[in-house]
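Residue-level structure breakdown
Here is what each chain is made of, one letter per residue.
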Amino acid sequence: MQRLRQSRPAIVGTGAYLPAKVLRNSDLERMVETSDSWIVERTGIRERRIAAEKECPSDMGAAAALMALERAGLAPNDLDLIIVATTTPDTLFPSTACHIQQKIGARKIPAFDLQAACSGFLYGLVMAYHMVALGTYPTVLVVGAEKLSSIVNWSDRNTCVLFGDGAGAVIVQQSTQGGQMIAHDLGSDGSQGQVLTVPAGGSRLPLTPENIGEGLQFIQMAGKKVFRLAIDAMETTARNCLKKAALQPEEVGYVIPHQANMRIIELLSERLHLPLKRFFTHLERYGNTSAACIPIALHEALTAGDIRPMEKVLLIAFGGGLTWASALLEW
Ligand code: UT7
């Protein structure tokens, strides 16, 4: 029998949107000097989704948001706040959150973007939980939406095989049901920012023909270094989060890690002494969708019935900045 829970901020609805176009490893073999076997062995990725030319993060985010609202039994009018995590906003401003406010027909509520690269969704989720707990904004929409295909250099094999597009969304409200947050841990280290960056397009290096000629508007990544930093940061933030919850890793029933590389997930499972079968993955189908991957994964795991009642679910993210984040939820 389930014990009764107190009313607390909880995820009461989830949604996801993936663009229709599938880009397979075999397609990439025709674009750059790579092979399906290299990509699968080194990353675990087999295919990724690519947004249509005119399809923006706000279109994908709005679709995911409407699904999350419907699954929560709510309407856009019920929302009090919109937080959007994205590294690939539709426009520098207005924010993608404002575009989504308009596209879903929400009231004239506050809406803003949050930039913490791949950790952005968990940063937004933690903000939402606090806003709901305070009572100032009782119903919050948190979206992770990315069109990474727009900042990928399609002639750079080091990065173009890794990323994909998509969006996920959750609704946070007071509830006695599952999806309550027990603990979280957020962090950053700006001193390592250069290992994963899009150098041009901001005010430091505005877009000029010279910068564009050098490809500085695209993702630049020191892959091996990021790999090592990602494992250390993800292990540390997971342990910090569990310590705050006074739990041991083995008490976690389900883990949703950032979907960058299967080898990172395998090493994380070893380091946390948690069986790999408890880790959700979809990177084989979608690649790395940055801020969108955790809400998409959560939606998929819930709709597949993979998360059982009262199960402790650990979400772990890592991204450019550097940034990292983890959240422990109870379902
Ligand atoms: O979301 C943010 C977090 N991002 C991450 O966590 C990504 C972390 N990094 C990684 O996942 C991996 O470092 C990569 C998948 C990016 C690269 O894997 P790696 O095992 O670290 O390979 P590498 O960069 O050391 O490259 C090994 C070799 C190189 O050739 P040489 O110099 O040994 O001759 C590369 O040029 O593999 C080559 N290579 C490729 N070969 C075929 C690099 N990319 C490719 C490719 N196809 N796509």
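Here goes a summary of the coordinates provided. Predicted model, so just to flag it, every value in this text is computed and none were measured.

Here the focus is the environment of asparagine 240. Note that asparagine 240 resides in helix H8 (residues 223-244). Given the relative accessible area of 32%, asparagine 240 is considered partly exposed. It is 9.4 Å that separates the C-alpha atoms of asparagine 240 and leucine 186, two residues lying 54 residues apart in sequence.

As a further point, take the site of the ligand. Around the ligand, the structure places 22 residues, and the nearest of them are Thr34, Arg42, Lys224, Asn261 and Asn288. In the model, an oxygen atom of the ligand is placed 3.3 Å from a nitrogen or oxygen of the tryptophan 38 side chain. Interatomic distance of 3.1 Å between a backbone N/O atom of glycine 223 and a nitrogen atom of the ligand. Burial of the ligand by the surrounding chains reaches 75%, relative to a free accessible area of 960 Å². Element by element, the count of residues in the shell around the ligand is highest for H8, at 4 residues. Here the residues of the shell around the ligand sort into 10 nonpolar, 7 polar and 5 charged.

What follows covers the side chain of serine 326. As for its position among the elements, serine 326 is in strand E13 (residues 323-330). With relative accessibility at 1%, the residue serine 326 sits in the buried group. Polar side-chain contacts of serine 326 include one of 2.9 Å to the side chain of threonine 237. Contacts of serine 326, omitting those with residues within four sequence positions, involve Leu122, His184, Asp185, Thr237, Ala238, Cys241, Leu314, Leu315 and Ile316.

A turn of α-helix holds 3.6 residues, and therefore any two residues three or four places apart point the same way. Helix length check: helix H3 (residues 57-72), at 16 residues, gives a terminal C-alpha distance of 22 Å against a target of 22 Å (1.5 Å per residue), a fit within 8%. The complete set of buried residues in H3 reads Pro57, Ser58, Met60, Gly61, Ala62, Ala64, Ala65, Ala68 and Leu69. Considering only its buried residues, H3 is in contact with strand E1 (8-17), helix H4 (96-104), strand E6 (140-147) and strand E7 (165-175). Phi turns positive one or two residues past the end of H3, at glycine 73, with a value near 70°.

Thresholds, definitions, all that
- Residue numbers here run from 1 along each chain, matching the order of that chain's written sequence.
- Totals for whole chains, interfaces and linings use every residue, but because this is a predicted model, local features are given only for residues with pLDDT of at least 70 and side-chain atom pairs only at 80 or more, for both listing and counting.
- Side-chain calculation: all heavy atoms of the structure are included, whereas hydrogens and water are not.
- A run of H or I in DSSP becomes a helix once it reaches four residues, and a run of E becomes a strand once it reaches two; helices and strands are each numbered from the N terminus.
- Exposure categories follow from relative accessible area, calculated using a 1.4 Å probe and restricted to protein chains: below 20% of the type maximum is buried, above 50% is exposed, and the middle band is partly exposed.
- Only a single heavy atom is needed: when it lies within 4 Å of a molecule or strand, its residue is near that molecule or strand.
- Pairs of N or O atoms are called polar contacts if they sit within 3.5 Å, as long as, within protein, a hydrogen donor faces a hydrogen acceptor (for residues adjacent in sequence, only side-chain-to-side-chain pairs).
- Accessible surface area values rest on a Shrake-Rupley calculation with a 1.4 Å probe, where residue burial reflects the displayed protein chains alone.
- Only Asp, Glu, Lys and Arg are considered charged in this grouping, and only Ala, Val, Leu, Ile, Met, Phe, Trp, Tyr, Cys and Pro are considered nonpolar; every other residue, Gly among them, is considered polar.
- Contacts are residue-level and defined by heavy atoms, with any inter-residue pair within 4.5 Å sufficient.
- A helix's residues, less one, multiplied by 1.5 Å, set its expected span.

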